[in-house]
Amino acid sequence: MQVLFARHQVRVYRFVLRLVGNQASAEDLISEVFLDVWRQADRFEGRSAVSTWLLAIARFKALSSMRRKPDEELDEETAGAIADTADDPEVAVQKKDKGEILRKCLQQLSSEHREVIDLVYYHEKSVEEVAEIVGIPEATVKTRMFYARKRLSELLKAAGIDRGWP
Amino acid sequence: MMKTNENNAPDNLEALLPWHAAGTLNRRDADVVERALAQDAELARHFAMVREEMTETILLNEALGAPSARVMENLFKAIDKERKGARNEATSGLGAWLVELFSPRVLAFSASAAAIVILLQAGVITKLVMQDQGAIGSYETASAPTSTTRGIEVGSFALVRFAAQANVADLTRFLDSRGVTIVDGPRPGGPGGMYRVRIARTYLSPDELDRAVKEFQAAGSNLVSFAAPTE
């Protein structure tokens, strides 16, 4: 368990944090995730990568936790978590590099779009694995990623960076 | 303009670009995308955008930090508590065996016993861990030089993630040919294993390092899925 925990705790934490937007909640949730894994270790059938299994459990717990909270509280927490010291995109474009603006725009995506982008780019999940974690068809995974990227381009354009698409 | 079909859905090749950048396509699809990229300048431009997005997504996630020590404390307290409750009932099956094996109380009996249990845990859990690492052919070789090079901090460095489809022989050859050495990694929590590599044996200015990293990634585009300058 220590090996498994040591290897996966950081990325599961980051995945949950990006979903719930609150560090304390994310820490509580990953404790629950690994406790569930410990309880269900004999049920793991090896049909998917362990990290995929962990992320699917983490996602379920994160979404359940978010459903239990009033919307106002959730929105406030999420906003607090993504707020940083950077200027808004319009101002930032004048003095920040493109990378910083891109990161700012990534944080402005909807939870659904952030999730698919994180799973593909950061957690290196294949189309099939994203479908398994999120619980949607593979074709929908590709379409969701496409629209997440499209929305990102729109945010970039509003921030002064026109990538020529869409 | 990114290609879409008449239903405004993404063209299949376009749609695959993010997974190609992350190195998570199967060999057949990766080859198809590679060929298309070589022939279609507009598609290649979109691929460059995708790689930019991936780089910033990685940097954004890496900046989120790590959970505090209380997570591990709480977890093993909870496990110990459940184990005590289940002790009388857990008499058979793998679940019961794992209950015993993972118990902090077992670990506390003595240093030598703990060492044996940890080894056993590693063995039991190997199936799980290796499943996750199975797609990463570079894991063993890439981490191997760490012990021989760690501590030599002279030079210029980059943070690198190798493509899932990279094989050991190609990776070794590529790194040798560039005179690049892995000095640390895989970083705990880094997805698929993040490695710190020495790009040059001398100090490079930020601009020089940026160029060297880009050149390194371009030269090994089929082996390196992510590269960024680091200290």
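Predicted, not measured: the structure shown is a model, and the values here were computed from it.

Draft legend 1. Region of interest: the overall build of chain A. Helix and strand counts for chain A stand at nine helices and zero strands. Moving toward the C terminus, one meets the helices and strands of chain A in the order α-α-α-α-α-α-α-α-α. A fraction of 61% describes how many contacts in chain A between residues 6 or more apart in sequence connect residues 24 or more apart.

Draft legend 2. The overall build of chain B, seen in detail. A count of helical and extended segments in chain B gives eleven helices and four strands. Within chain B, residue pairs in contact and separated by at least 24 positions form 62% of the contacts whose partners lie at least 6 positions apart.

Draft legend 3. Region of the structure containing the sheet that holds strand β4 (residues 224–230) of chain B. Residues and elements named next belong to chain B. Overall, antiparallel pairing links the four strands, which are arranged β2-β3-β1-β4 in an open sheet. Of all the strands in the sheet, the pair left with one neighbour each is β2 (181–184) and β4. If you compare each strand with its neighbour and ignore which way they point, the axes differ by 40 degrees on average. Here β2 runs beside strand β3 (residues 194–200); their pairing, made up of three bridges, is antiparallel. When the bridges of β3 are listed, Asp 184 appears paired with Arg 196.

Draft legend 4. Focus on the environment of A:Lys104. Examined against the element boundaries, A:Lys104 turns out to sit in helix α6 (residues 98–108). Note: C-alpha distance between A:Lys104 and A:Leu155 (51 residues apart in sequence) is 9.4 Å.

Draft legend 5. Representation of unusual backbone geometry. Backbone geometry at A:Glu124 places phi at a positive 55 degrees, although glycine is not the residue there. Given 27 C-beta atoms within a 10 Å radius, A:Glu124 is considered buried.

Draft legend 6. Structural detail: the nonpolar core. All names here are of chain A. Counting 86 residues, the largest nonpolar core has Val 16, Ile 30 and Ala 58 as its most contacted members. Broken down by element, the residue count for this core peaks at ten residues, all from helix α1 (residues 2–20). Sequence-distant contacts of Ala 58, that is, excluding residues within four places in its chain, are made with Val 12, Phe 15, Val 16, Leu 29, Ile 30 and Val 33.

Draft legend 7. Fine view of the environment of A:His123. In this structure, A:His123 sits in the loop between α7 (111–122) and α8 (127–134). Sequence spacing of A:His123 and A:Arg14 is 109 residues, and the spatial spacing of their C-alpha atoms is 10.0 Å.

Draft legend 8. Examining the confidence of the model for chain B more closely. Residue and element names in this part refer to chain B. Model confidence for chain B is summarised by a mean pLDDT of 72, while 63% of its residues fall at 70 or above. Per-element confidence in chain B is highest for helix α3 (residues 41–62), whose mean pLDDT is 95, and lowest for helix α8 (residues 139–143), whose mean pLDDT is 33. Segment residues 131–152 is flagged for pLDDT under 50; beyond a separation of four residues in sequence, or across chains, it makes 41 contacts in the model. At the level of chain-chain contacts, confidence expressed as ipTM amounts to 0.84, with global pTM at 0.63.

Draft legend 9. A look at the packing of α7(A) against helix α9 (residues 138–158) of chain A. All names here are of chain A. Look at α7 against α9: their axes get within 9 Å of each other, and the N-to-C directions meet at 110 degrees. The angle between α7 and α9 places the two elements in the roughly perpendicular class. Across the interface between the two elements, Glu 112, His 113, Val 116, Ile 117 and Val 120 of α7 pack against Val 141, Arg 144, Met 145, Ala 148 and Arg 151 of α9. Residues that form the contact of α7 with α9 fall into these classes: six nonpolar, one polar and three charged.

Draft legend 10. Seen up close, α7(A). Over its twelve residues, α7(A) runs 15 Å from end to end, which matches the ideal 16 Å to within 8%, given 1.5 Å per residue. Within α7(A), burial applies to A:Arg114, A:Glu115, A:Val116, A:Ile117, A:Asp118, A:Leu119, A:Val120, A:Tyr121 and A:Tyr122. For α7(A), the elements touching its buried residues are α1, α6, α8 and α9 of chain A together with α1 (12–22) and α3 of chain B. At the C-terminal side of α7(A), A:Glu124 shows a positive phi close to 55 degrees.

Draft legend 11. Quick look at the packing of α1(A) against helix α3 (residues 50–68) of chain A. All names here are of chain A. Closest axis-to-axis distance for the α1/α3 pair is 10 Å, and the angle between their directions is 30 degrees. In terms of their interaxial angle, α1 and α3 are classed as roughly parallel. Considering the relative orientation of α1 and α3, their crossing is right-handed. Contacts between α1 and α3 involve His 8, Val 12, Phe 15, Val 16, Leu 19 and Val 20 from the first element and Ser 51, Leu 54, Leu 55, Ala 58, Arg 59, Ala 62, Ser 65 and Met 66 from the second. Counted by class, the contact of α1 with α3 contains ten nonpolar, three polar and one charged residues.

Draft legend 12. Inspection of the confidence of the model for chain A at higher detail. Residue and element names in this part refer to chain A. On average, residues of chain A score 85 in pLDDT, and 83% of them reach the 70 mark or higher. Within the model, pLDDT remains below 50 along residues 72–77, and this stretch shows four contacts once partners closer than five positions in the same chain are excluded. Across residues 79–83, confidence stays below pLDDT 50; counting only partners more than four residues off in sequence or on other chains, it has four contacts.

Draft legend 13. Inspection of the environment of B:Asp170 at higher detail. With respect to the helices and strands, the residue B:Asp170 is situated in helix α10 (residues 168–178). Considered as a pair, B:Asp170 and B:Asn222 are 52 residues apart in the sequence and their alpha carbons are 9.8 Å apart.

Conventions used here
Residues numbered from 1 in each chain as written. Chains lettered and ligands numbered in written order. Predicted model: local features only at pLDDT ≥ 70, side-chain atom pairs only at ≥ 80, totals over all residues. Helix = DSSP H or I, 4+ residues; strand = E, 2+ residues; numbered from the N terminus. Contact = placed C-beta atoms within 7 Å. Pairing = 2+ DSSP bridges. Axes fitted to C-alpha atoms, helices over the stretch in contact; angles between N-to-C directions. Buried ≥ 20, exposed ≤ 12 C-beta atoms within 10 Å, placed from the backbone. Core = buried A, V, L, I, M, F, W, Y, C linked by C-beta atoms within 7 Å. pLDDT = per-residue confidence, 0-100. Parallel < 35°, antiparallel > 145°, perpendicular 65-115°, else oblique. Nonpolar A, V, L, I, M, F, W, Y, C, P; charged D, E, K, R; others polar. Expected span 1.5 Å × (residues − 1). Left-handed = near helix turned anticlockwise from the far one by under 90°.

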